[in-house]
Amino acid sequence: MEKRPYENIIVENEDGITWVTLNRPEKRNAMSPALHYEMDDALANLAVDSKTEVLVITGAGEAFSAGQDLKLYFRDTANNPAERRRSNEAAHSWFWERLTTFPKPTIAMVNGYCFGGGLTPVCACDFAIAAEDAVFGLSEINWGILPGGYVSWNVANVMSFRDAMHYAVTGETFDGRKAEELRFVTFSVPKDQLRQATVAYARKLMEKNPAAVRFTKEAIRTVRGLPAQQAVDYLRAKGEALKYFDPEGGREEGMRQFLDEKSYRPGLGPYHRKKP
Ligand code: COA
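Residues numbered from 1 in each chain as written. Predicted model: local features only at pLDDT ≥ 70, side-chain atom pairs only at ≥ 80, totals over all residues. Heavy atoms only, no water.

S.K.: Can you lay out the overall build of the protein for me, pointing to particular residues and giving the numbers?
M.R.: Assigned secondary structure in the protein consists of 11 helices and 10 strands. Dimensions of the protein, computed from C-alpha atoms along their principal axes, come out at roughly 65 × 45 × 40 Å. Looking at the protein residue by residue over its 276 residues, the buried ones come to 46%. Within the protein, contacts between residues separated by at least 24 positions form 68% of all contacts whose residues are at least 6 apart in sequence. Of the roughly 14300 Å² of accessible surface on the protein, a fraction of 55% belongs to carbon and sulfur atoms. If the 36 positive side-chain charges of the protein are averaged to one point and the 37 negative ones to another, these points end up 3 Å apart. (Helix = DSSP H or I, 4+ residues; strand = E, 2+ residues; numbered from the N terminus. Buried < 20%, exposed > 50% of the residue type's maximum accessible area, 1.4 Å probe, protein only. Contact = heavy atoms within 4.5 Å. Areas by Shrake-Rupley, 256 points an atom, 1.4 Å probe, with all protein chains shown as cover. Lys, Arg positive; Asp, Glu negative; His and termini not counted. Charge placed at Lys NZ, Arg CZ, Asp CG, Glu CD.)

S.K.: Which residues make up the pairing of strand β7 (residues 127-131), and what values go with them?
M.R.: For β7, the tally of buried residues reaches 4 of 5 residues, placing the bulk of the element in the interior. Two elements, strand β5 (residues 106-110) and β7, share 4 bridges in a ladder whose sense is parallel. In the strand pairing of β7, Ile107 is matched with Phe127. Examined bridge by bridge, β7 and strand β10 (residues 187-189) share 3 bridges and lie parallel to one another. Opposite Ala130, over in β10, you have Ser188 as the bridge partner. (Pairing = 2+ DSSP bridges.)

S.K.: Account for the sheet that holds strand β8 (residues 135-137), naming residues and giving values.
M.R.: With mixed pairing, the 4 strands of this open sheet are ordered in space as β4-β6-β8-β9. With one partner strand each, in any of the chains shown, β4 (63-65) and β9 (174-175) form the two edges of the open sheet. Bridging between strand β6 (residues 113-115) and β8 involves 2 bridges; their strand directions are parallel. Looking at β8, one finds that Cys114 is bridged to Phe136.

S.K.: Kindly report on the packing of helix α1 (residues 33-46) against helix α3 (residues 81-100), identifying the contributing residues and their values.
M.R.: Two elements in contact, α1 and α3, have axes separated by 8 Å at closest approach and are oriented at 40 degrees. One way to sum up the angle between α1 and α3 is to call them oblique. α1 and α3 meet at a crossing whose hand is left-handed. Contact residues: Pro33, Leu35, His36, Tyr37, Met39, Asp40, Leu43 and Ala44 in α1; Glu83, Arg86, Ser87, Ala90, Ala91, Ser93, Trp94, Phe95, Arg98 and Leu99 in α3. Split by residue class, the contact of α1 with α3 holds 11 nonpolar, 3 polar and 4 charged. (Axes fitted to C-alpha atoms, helices over the stretch in contact; angles between N-to-C directions. Parallel < 35°, antiparallel > 145°, perpendicular 65-115°, else oblique. Left-handed = near helix turned anticlockwise from the far one by under 90°. Nonpolar A, V, L, I, M, F, W, Y, C, P; charged D, E, K, R; others polar.)

S.K.: Before we move on, can you summarise the nonpolar core with the specific residues and values?
M.R.: Grouped together as the largest cluster of nonpolar side chains are 60 residues, with contacts concentrated most on Met39, Trp94, Val110, Phe136 and Phe184. In terms of residues, this core owes the most to one element, helix α8 (residues 194-206), which gives 6 residues. Among all residues touching Phe184, those that are not within four sequence positions of it are Leu119, Val122, Cys123, Phe136, Val155, Val158, Met159, Phe174 and Ala179. (Core = buried A, V, L, I, M, F, W, Y, C linked by side-chain atoms within 4.5 Å.)

S.K.: How would you explain the site of the ligand if you had to name every residue and give the values?
M.R.: Near the ligand you find 14 residues, and of these Lys27, Arg28, Ala66, Leu70 and Ser139 are the closest. Contacts to the ligand include Lys27, whose side-chain N or O atom sits 2.5 Å from an oxygen atom. Between the ligand and Ala66, the relevant distance is 2.7 Å, taken from a nitrogen atom to a main-chain nitrogen or oxygen of the residue. Considered on its own, the ligand offers 860 Å² of accessible surface; in the complex 60% of this is hidden by protein. Looking at the shell around the ligand, its residues break down into 6 nonpolar, 3 polar and 5 charged. (Near = heavy atom within 4 Å. Polar contact = N/O pair within 3.5 Å; in protein donor to acceptor, adjacent residues only side chain to side chain.)

S.K.: Can you tell me about the pairing of strand β3 (residues 54-59), naming the residues and giving the values?
M.R.: Of all 6 residues that make up β3, 6 are buried, and the element is covered over most of its length. Neither face of β3 is open: one carries Val54, Val56 and Thr58, the other Leu55, Ile57 and Gly59, and all of them are buried. By the bridge criterion, 6 bridges tie strand β2 (residues 17-22) to β3 in an arrangement that is parallel. Opposite Val20, over in β3, you have Ile57 as the bridge partner. A crossover links β2 with its parallel partner β3, the connecting element being α1, and its sense is right-handed. For β3 and β5, the ladder comprises 3 bridges, and the chain directions are parallel. (Right-handed = clockwise from strand over helix to strand, strands pointing away.)

S.K.: So, a nonpolar patch on the surface: which residues are in play, and what are the values?
M.R.: Side chains of Leu70, Trp143 and Ile145 sit close together on the surface and give an oily, nonpolar patch of about 260 Å² of accessible area. Tracing the chain through its elements places Trp143 in the loop between β8 and α5 (151-158). (Patch = residues over 30% accessible without salt bridge, like charges linked within 9 Å, V, L, I, M, F, W, Y side chains within 5 Å. Salt bridge = Lys/Arg side-chain N within 4 Å of Asp/Glu carboxyl O.)

S.K.: Now, about the packing of aromatic side chains: what can you tell me, with residues and values included?
M.R.: Summed over all chains, the structure comprises 14 aromatic pairs. Every member of this aromatic cluster is reached through a ring pair, and the members are Phe136, Tyr167, Phe174 and Phe184. Sitting over the ring of Trp19, Arg195 keeps its end group 3.7 Å from the ring centre. Over the aromatic face of Phe215 sits the side chain of Lys238, whose NZ or CZ is 4.4 Å from the ring centroid. (Phe/Tyr/Trp six-rings, centres within 6.5 Å; stacked < 30°, edge-to-face > 60°. Lys NZ or Arg CZ within 6 Å of the ring centre and 35° of its normal.)

This is how it looks when you write it as structure tokens:
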């Protein structure tokens, strides 16, 4: 991806992993309109960036994100409907549409505070890895609003009904360990191991056939909303499409290595990839 002069985010690539860091640490990475525009632009470009094999979203400093910026996103756009609409569209675009349809695996690395609208990119990413002491909260109730945008919908889908109701109506916080227990994140680790654990997880994903990873994550997202028979039909068509889409020919290569070469066990790990 060409270098772009972002002011509110940092985009870096290291050995196939692209790190996108929300970078307003002095404001706990609260999401301003400018940050939304930059994220929307960055994710549009990274989706077609060949160096990006896995995308990680995280926050600079002690927060992942303190949610929407109450001043710049809410108050300052109250009398500017054009800017309100533009920033709302950019926000929904990047932290929901672009992330949920991102063609490579996405990981939210939750390093600290994560409130309100900050929960949306966490839910949108395929995986979420949290510091055990990260602090999550649906704080909207504490300032007299409801969790809007995609927040209530996501929380009601990801958590149990009882937990979603409890955390949304009380505004009580929960830490990374609890987020793992609630299955709100994939897993949590002590903060000093967060980056290392995220890199290890990303590397594991990068060992797999990228086309199969993409089609599988799309399949898991899609079948949740389908009746069983439609899901089976969709998966049959999706599986056929994968054969033509996969430049590595993983299906044939995987069978060859197992049945003819006897060089690996598919039950225990991926076939040996020759990167194209
Ligand atoms: N919108 C705008 N500014 C925010 C913000 C937000 N969501 N969250 C933090 N900030 C700003 C503060 O106003 C403060 O700015 P200042 O230094 O100019 O006064 C700065 O970030 C640091 O915040 P502060 O509250 O002093 O930091 P803290 O480490 O003591 O507490 C939080 C961190 C996240 C617990 C606290 O800032 C907070 O509750 N933020 C709001 C969270 C929220 O309700 N988000 C939902 C929005 S949808």
